[in-house]
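Analysis of the macromolecular model
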Amino acid sequence: MNLYLGLDFGTSGARAIVIDADGNIHAEAQYLFEAAADLAASWEKALFSLISQISVQVRREIKAIALNGTSSTVILCDRAGNPVVEPILYNDARGVEMMEKLKKIAPPNHTVLSATSSLAKLLWYLKALPPDQRENRKTYFLHQADWLAFLLHGKLGISDYHNALKLGYDVGNLCYPEWLENLQLPVYLPKVLAPDTPVAEIKPEIATNFEFPKDCAVCAGTTDSIAAFLASGAKSPGEASTSLGSTLVLKLLSHTRVDDARYGIYSHRLGDLWLVGGASNTGGAVLRKFFTDAELESLSCQIDAEKESLLDYYPLLKEGDRFPINDPHLPPKLEPRPDNPVEFLHGLLESIARIEARGYQLLQQLGSTQLSGVYTAGGGAKNSVWTAIRARYLQVPIVTPIHSEAAYGSALLARGINMNRPGAEGAEE
Ligand code: ADP
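All values derive from a computational prediction rather than experimental measurement.

Observations concerning the pairing of strand β16 (residues 273-280)
Summarising burial for β16: 7 of the 8 residues are buried, a large majority. Across 7 bridges, the pairing between strand β14 (residues 248-254) and β16 is antiparallel. Paired with lysine 251 across the strands is glycine 277, a residue of β16. Pairing analysis gives 5 bridges linking strand β15 (residues 266-270) to β16, with the strands arranged antiparallel. What sits directly across from histidine 268, in β16, is leucine 275. Between β15 and β16, which pair antiparallel one after the other, the connecting turn spans 2 residues, and glycine 271 there sits at a positive phi close to 65°.

A word on the UniProt feature "domain: Carbohydrate kinase FGGY C-terminal" (unreviewed entry) in the protein
Residues given the UniProt feature "domain: Carbohydrate kinase FGGY C-terminal" (unreviewed entry) here are residues 264-414. In this annotation, residues 264-414 is assigned 40% helix and 13% strand; the end-to-end C-alpha distance for the span is 30 Å.

Here's the deal with the packing of helix α1 (residues 39-53) against helix α6 (residues 144-153)
Across the interface, α1 lies against α6 with an axial gap of 11 Å and an inter-helix angle of 55°. As summarised for this structure, α1 and α6 are arranged oblique, according to the angle between their axes. When the axes of α1 and α6 are compared, the crossing they make is right-handed. The segment α1 lies against α6, with Ala40, Trp43, Glu44, Leu47, Phe48 and Ile51 engaging Gln144, Trp147, Leu148, Leu151 and Leu152. Within the contact of α1 with α6, the residues separate by chemical class into 9 nonpolar, 1 polar and 1 charged.

Overview of the sheet that holds strand β5 (residues 74-77)
Strands in a sheet are paired, the pairing made by backbone hydrogen bonds, and the direction either parallel or antiparallel. Reading across the sheet, the 3 strands line up as β5-β6-β8 and stay open at both edges, with mixed pairing between neighbours. Two strands in the sheet have a free side with no partner beyond their single neighbour: β5 and β8 (187-188). Sheet topology places β5 next to strand β6 (residues 139-143); 4 bridges connect them, and they run antiparallel. By the bridge assignment, isoleucine 75 is partnered in β6 with leucine 142.

The rules behind the values
- Residues numbered from 1 in each chain as written.
- Predicted model: local features only at pLDDT ≥ 70, side-chain atom pairs only at ≥ 80, totals over all residues.
- Heavy atoms only, no water.
- Buried < 20%, exposed > 50% of the residue type's maximum accessible area, 1.4 Å probe, protein only.
- Helix = DSSP H or I, 4+ residues; strand = E, 2+ residues; numbered from the N terminus.
- Pairing = 2+ DSSP bridges.
- UniProt positions renumbered as here; feature names shortened; annotations may be inferred.
- Axes fitted to C-alpha atoms, helices over the stretch in contact; angles between N-to-C directions.
- Parallel < 35°, antiparallel > 145°, perpendicular 65-115°, else oblique.
- Left-handed = near helix turned anticlockwise from the far one by under 90°.
- Contact = heavy atoms within 4.5 Å.
- Nonpolar A, V, L, I, M, F, W, Y, C, P; charged D, E, K, R; others polar.

Laid out in structure tokens, this is it:
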């Protein structure tokens, strides 16, 4: 049997899922990150721990592997692939120091113009490195997923166009833009491939040690949130995924690309389609401020989802939102607060549903394909009352995906998702 291994390096841990050609799961493994002085070494340990947890019988049938990491988690390595610096994590904003410089080199409103972008981190590294390391011993700049895949295939300097978006790679024209080339940065920028492209066979010593087939392919990977989108099963233009976690994140598969820095909206390429996304600061973190998860469950059961709550909130933990309302000073609106907690929760769920619907409207107003269905992920997805409320606003079917783990999405990539002909052989049915 042909099997496919997906590896997910997320924010708190790593996971592995092995699937067959029909998408059935044959093995799963998990690894929780601990605080580590040497981050890159801890990722390497996690990678080989996950592989070791998969039985030899399963490993012998793995034909391809793909891997996702957190977006904009980056590292510099020497020519042997050894890290020469500590990695900088996805949410590390030290790149804020480079914003003035970035504004002078990148076009206005470009995705790289953020303190956490890969390019901001690269410029920070170059400023912090001693001159001899900067000039004489040219280093490789890689994303987390690129470096971990390198450990498996041994080819240094390869990335994919999902990880490379926030480095400034032009995903429309599939090249580095002139303004970035002209900088002549003293590092090797990765060669960028389409996610799921086979890069090379797994290193012979790893194949021997773990009994992988010798011709097992290691493919170009993706980011954790795109892997989770792929796992959901959304694959046709108009299909979307809403993540109801601590925050509210929308992703809509579209024929057209939409980028609008005012609202923090940008598009990832998925073959000939575009994955248009926006993220609001509203979401489950505000619910958690007022209710425990058990209360959310028991109180939700007492809500009549067919009845509209007239409470009109904008639930935020602190002032400011970017999408769908771009106002850094937008105040949290949580008044009037009724004495009855069921009514209060109804108002909160209804208000977040309105913000979600407004978000999808905005993406469509800015030119995306019309919404036709929404897959839901995250802690709020299990709340059927909320789903019914959201359906009233969205007016499209809402589906709870069978699979939501990023590792499953990466396994689909390893299987070959054929993103140039979306729908022809897309994600899981
Ligand atoms: P993240 O990974 O973004 O922190 P999760 O996907 O784990 O978030 O979801 C956690 C969120 O889900 C919490 O903020 C919590 O308020 C929310 N949540 C948990 N249970 C429910 C429920 N029954 N109804 C609505 N929201 C819920």
